[in-house]
Amino acid sequence: MSQHAQKQSQRRNMMLNEPISRIIPKMAVPTIVAFLINSIYSLADTYFVSSLGTNATAAVSVNASLDQLIMMCGSLLAVGANSYIARLLGEGQDQKASQVLSTAFFTAMGIGALLTVFGNIFILPMVRLLGATPTCEQYAMDYATYVLFAAPFMATSFVMNQCLRSEGSAMLSMIGMGFGGVLNCVLDPIFIFKLDMGVAGASLATAISKWVSFGILIFPYLTRRSLLHLSIRNFYPSRDIITKVVSVGSSSMFRSGLAVVSGILMNNLAGDISDSVMAAVGVCNKIAMFPFSIILGFAQGFQPVAGFNWGAKRFDRVQESYRFSSKVALWGGVIMAVILIISSDTLIMLFAGTDAEMRRIGVICMVSQCIALPVHGWVAIVNMLCAGLGNAKGALTLATARQGTCFIPLLYPMAWILGSYGIATVQATADVLTVLLAIPIIRGMKKKIAQAQAKQENLSA
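Residues numbered from 1 in each chain as written. Predicted model: local features only at pLDDT ≥ 70, side-chain atom pairs only at ≥ 80, totals over all residues. Heavy atoms only, no water.

In terms of helices and strands, the chain carries 18 helices and 0 strands. Across the 461 residues in the chain, those meeting the buried criterion constitute 54%. Of the contacts formed within the chain by residues at least 6 apart in sequence, a portion of 83% connects residues at least 24 apart. Working note: accessible area of the chain is about 19,400 Å², and carbon and sulfur atoms make up 67% of it. (Helix = DSSP H or I, 4+ residues; strand = E, 2+ residues; numbered from the N terminus. Buried < 20%, exposed > 50% of the residue type's maximum accessible area, 1.4 Å probe, protein only. Contact = heavy atoms within 4.5 Å. Areas by Shrake-Rupley, 256 points an atom, 1.4 Å probe, with all protein chains shown as cover.)

This is how it looks when you write it as structure tokens:
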């Protein structure tokens, strides 16, 4: 048996036979670490640029929407490809899985290249559309320039990251994502201060880190160390592949898009009350990214395990993986919530200083989100179960609920009735309401799994 075939056999054995309580953490931990590193990078990037002044900091905030736009393009293809590839590998259809990877990869590369070209041609109207004011638009253009040149590599890196996880190579995924985040933190002060490049230096540091991450992620494909074969010859945009990838991946794309819209609406309402309220909510959301990263990373570790075993018709392991993941998400959410509630005042005070209003609103926002944290964790598991088993409708419904269908309709009424308190607690309220959508969806998913298992038992009888 060749080394490649041996690795394939080992990975299949891991996904199909290793204890669920061991394999899901093994899959999840690298993703969690990578997400946490990127959360730290996000704070560090803002910290270094903030020393250049308020206008420069505002420019970075404006371009956060550009980053989200690029990620939307990648996530549409990446999440859908991840789900479909996991099921195909479980069924033993390696060649078709490679076609899905290659189609998603080169499509993402093409979309990213279009963003690079048209973004640079229309860079001024683009940054104004994203929210740049006359006092920060030059900074915004400086920051956008290098990031736009990295767009094709950012979009394709997201595809490769997801597809590596779908075949069980979560560690390679973590190295690619995590190393780029660390490198960005190192390069930021060098380019901004040592080379005196200002905001453009921060942009160049980000672009270089994305290029390096791309190189790390594509390495296992170029050296044939992955189960999948990335090649232009495998580019096969058939109706089946496009439909299955887009139907599931659209949930992630809409989630990213709604996050941008809800963030803009929230900032506008909070800013109308005071800068302190807007700052408090912003700081709370930055801190909350850490437990959210753990929850999302764990859920994404669960998804390929469920999808692979569904494709392999190991329905018992699909059920076991859901039960295990639900318990971990609920109890993990409780533990993290208690820790953050106890330390909420101390954490907010680090950013608020002597601003009493910011401190007060920040603590309310933090405590309310912590109360809803266990619920958020369980809904994330249900969402990933839908994505892993190819339930595009369920995945889309839950992915767009937290910052869309359960958030936006509440935002204006709660802000009007409760003022700053409404703005501080609207996210937690939306999180609780997502349960009303998740309960009928999980009932349907359990029924689907039970029916598939009963059919298999009847055929084997």
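On we go from here.
The next thing to look at is the nonpolar core. Residues I85, V100, F302, Y322, L385 and L389 are the most contacted members of the largest nonpolar core, which totals 95 residues. In terms of nonpolar packing, the next biggest core, distinct from the first, is built from 19 residues, V127, A144, V147 and A202 among them. (Core = buried A, V, L, I, M, F, W, Y, C linked by side-chain atoms within 4.5 Å.)

Moving on, we come to the pattern of salt bridges. All told, the structure shown has 3 salt bridges when counted by the stated rule. Two residues, D345 and R359, come together in a salt bridge whose shortest N-O distance is 2.6 Å. Of the two residues, D345 is situated in helix α12 (residues 315-352) and R359 in helix α13 (residues 356-371); the sequence distance between them amounts to 14 residues. Taking the relative accessible area as the measure of exposure, D345 reaches 29% and is therefore partly exposed. R359 sits in the partly exposed class, given a relative accessible area of 29%. A salt bridge links D431 to R402; the shortest N-O distance between them is 2.7 Å. In this pair, D431 is assigned in helix α18 (residues 420-460) and R402 in helix α16 (residues 401-405), connecting sequence segments 29 residues apart. (Salt bridge = Lys/Arg side-chain N within 4 Å of Asp/Glu carboxyl O.)

With that settled, consider the packing of aromatic side chains. Applying the stated criterion to the full structure yields 5 aromatic pairs. Between F298 and F324, the aromatic rings sit 6.4 Å apart at their centres with planes inclined by 50 degrees, giving tilted as the arrangement. Taken together, the positions of F298 in helix α11 (residues 275-311) and F324 in helix α12 put the pair 26 residues apart, joining distant regions of the chain. With relative accessibility at 23%, the residue F324 sits in the partly exposed group. Between W310 and F315, the aromatic rings sit 5.1 Å apart at their centres with planes inclined by 65 degrees, giving edge-to-face as the arrangement. A relative accessible area of 16% means that W310 is categorised as buried. An aromatic cluster is built from F105, F106, F153 and F214, whose rings are joined through pairwise contacts. (Phe/Tyr/Trp six-rings, centres within 6.5 Å; stacked < 30°, edge-to-face > 60°.)

What follows is about the confidence of the model for the chain. Within the chain, residue pLDDT values average 79, and 83% of them lie at 70 or more. Taking the mean pLDDT of every element in the chain, the minimum, 65, falls on helix α1 (residues 3-17) and the maximum, 90, on helix α17 (residues 408-418). (pLDDT = per-residue confidence, 0-100.)

Turning next to the side chain of S209. With respect to the secondary-structure elements, S209 resides in helix α9 (residues 199-222). From its side chain, S209 meets the backbone oxygen of T206 in a polar contact 2.7 Å long. (Polar contact = N/O pair within 3.5 Å; in protein donor to acceptor, adjacent residues only side chain to side chain.)

In this structure the tally under the stated criterion is 0 disulfides. Take C370: it sits in no disulfide, and the sulfur closest to it among the cysteines is that of C284, at 7.5 Å. Judged by relative accessible area, C370 falls into the buried class, the value being 3%. (Disulfide = S-S within 2.5 Å.)

On to helix α6 (residues 137-149). In an α-helix, one turn spans 3.6 residues; hence positions three or four apart end up facing the same way. Spanning 13 residues, α6 covers 19 Å between terminal C-alpha atoms, matching the ideal 18 Å at 1.5 Å per step. Buried within α6 we find E137, A140, M141, Y143, A144, V147 and L148. (Expected span 1.5 Å × (residues − 1).)

Once that is clear, we can look at the packing of helix α14 (residues 373-388) against helix α15 (residues 392-399). Running from amino to carboxyl end, α14 crosses α15 at an angle of 150 degrees, the nearest separation of the two axes being 7 Å. Comparing their axes, α15 and α14 come out roughly antiparallel. The interaxial crossing formed by α14 with α15 has left-handed handedness. Residues V379, V382, N383, C386 and A387 of α14 touch α15, and the partners they reach there are G394, A395, L398 and A399. Among the residues making up the contact of α14 with α15, the classes are represented as 7 nonpolar, 2 polar and no charged. (Axes fitted to C-alpha atoms, helices over the stretch in contact; angles between N-to-C directions. Parallel < 35°, antiparallel > 145°, perpendicular 65-115°, else oblique. Left-handed = near helix turned anticlockwise from the far one by under 90°. Nonpolar A, V, L, I, M, F, W, Y, C, P; charged D, E, K, R; others polar.)

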